[in-house]
Amino acid sequence: MKATAGDRLLAHADGVEEKDRSGVIREVQGSYGEPHRVARSGDGHGGPVFAGPDAVDVPT
């Protein structure tokens, strides 16, 4: 999953009672757009993200 700053990161919920999470990628610190990324979530929190197999990168 290659990413660039400004893309949206969407992580699907793990369970029935959980909601999908999303955020905006602010910085890509891995080489060639690979992990890890710095993202800011919809609730304003931000930090490093190591996206798992339940996450997708939505290009802008």
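On a predicted model such as this, the values are computed, not experimentally measured, just so you know.

Description of the overall build of the chain
Working step 1: The number of helices and strands found in the chain is zero helices and five strands.
Working step 2: The linear arrangement of helices and strands in the chain, starting from the amino end, is β-β-β-β-β.
Working step 3: For a compact globule of 60 residues, the expected C-alpha radius of gyration is about 10 Å, and the chain comes in at 11 Å, within 12% of that figure.
Working step 4: Counting only C-alpha atoms, the chain reaches 35 × 25 × 20 Å along its principal axes.
Working step 5: The buried share among the 60 residues of the chain stands at 22%.

A short note on the side chain of Asp7
Working step 1: Summarising the element assignment, Asp7 is placed in the segment before strand S1 (8-11).
Working step 2: Arg37 provides the closest opposite charge to the buried, salt-bridge-free Asp7, at an N-O distance of 7.1 Å.
Working step 3: Within the local environment of Asp7, its side chain forms a polar contact with the backbone nitrogen of Thr4, the two atoms lying 3.1 Å apart.
Working step 4: Ignoring anything within four residues of it in the chain, the contact list for Asp7 reads Gly23, Val24, Ile25, Asp57, Val58, Pro59 and Thr60.

A look at the sheet that holds strand S4 (residues 46-49)
Working step 1: Reading across the sheet, the five strands line up as S4-S3-S2-S1-S5 and stay open at both edges, with antiparallel pairing between neighbours. Whereas interior strands pair on both sides, the edge strands pair on one side only; in this sheet they are S4 and strand S5 (55-58). Along the sheet, successive strands turn relative to each other by an average axial angle of 35°, direction set aside.
Working step 2: Pairing geometry for strand S3 (residues 37-41) and S4, over four bridges, is antiparallel. Residue pairing across strands places Arg40 opposite Gly46, the latter belonging to S4.

Side note on the environment of Arg21
Working step 1: Considering the arrangement of structural elements, one finds Arg21 in strand S2 (residues 21-28).
Working step 2: The partly exposed category is assigned to Arg21, whose relative accessible area is 45%.
Working step 3: C-alpha of Arg21 to C-alpha of Ala11: the two residues are ten residues apart in sequence and 5.1 Å apart in space.
Working step 4: With sequence-adjacent residues up to four places away left out, Arg21 is seen in contact with Leu9, Leu10, Ala11 and Asp54.

Reading the values: the criteria
- Residues numbered from 1 in each chain as written.
- Predicted model: local features only at pLDDT ≥ 70, side-chain atom pairs only at ≥ 80, totals over all residues.
- Heavy atoms only, no water.
- Helix = DSSP H or I, 4+ residues; strand = E, 2+ residues; numbered from the N terminus.
- Rg over C-alpha atoms; globule rule 2.2 N^0.38 Å.
- Buried < 20%, exposed > 50% of the residue type's maximum accessible area, 1.4 Å probe, protein only.
- Lys, Arg positive; Asp, Glu negative; His and termini not counted.
- Salt bridge = Lys/Arg side-chain N within 4 Å of Asp/Glu carboxyl O.
- Polar contact = N/O pair within 3.5 Å; in protein donor to acceptor, adjacent residues only side chain to side chain.
- Contact = heavy atoms within 4.5 Å.
- Pairing = 2+ DSSP bridges.
- Axes fitted to C-alpha atoms, helices over the stretch in contact; angles between N-to-C directions.

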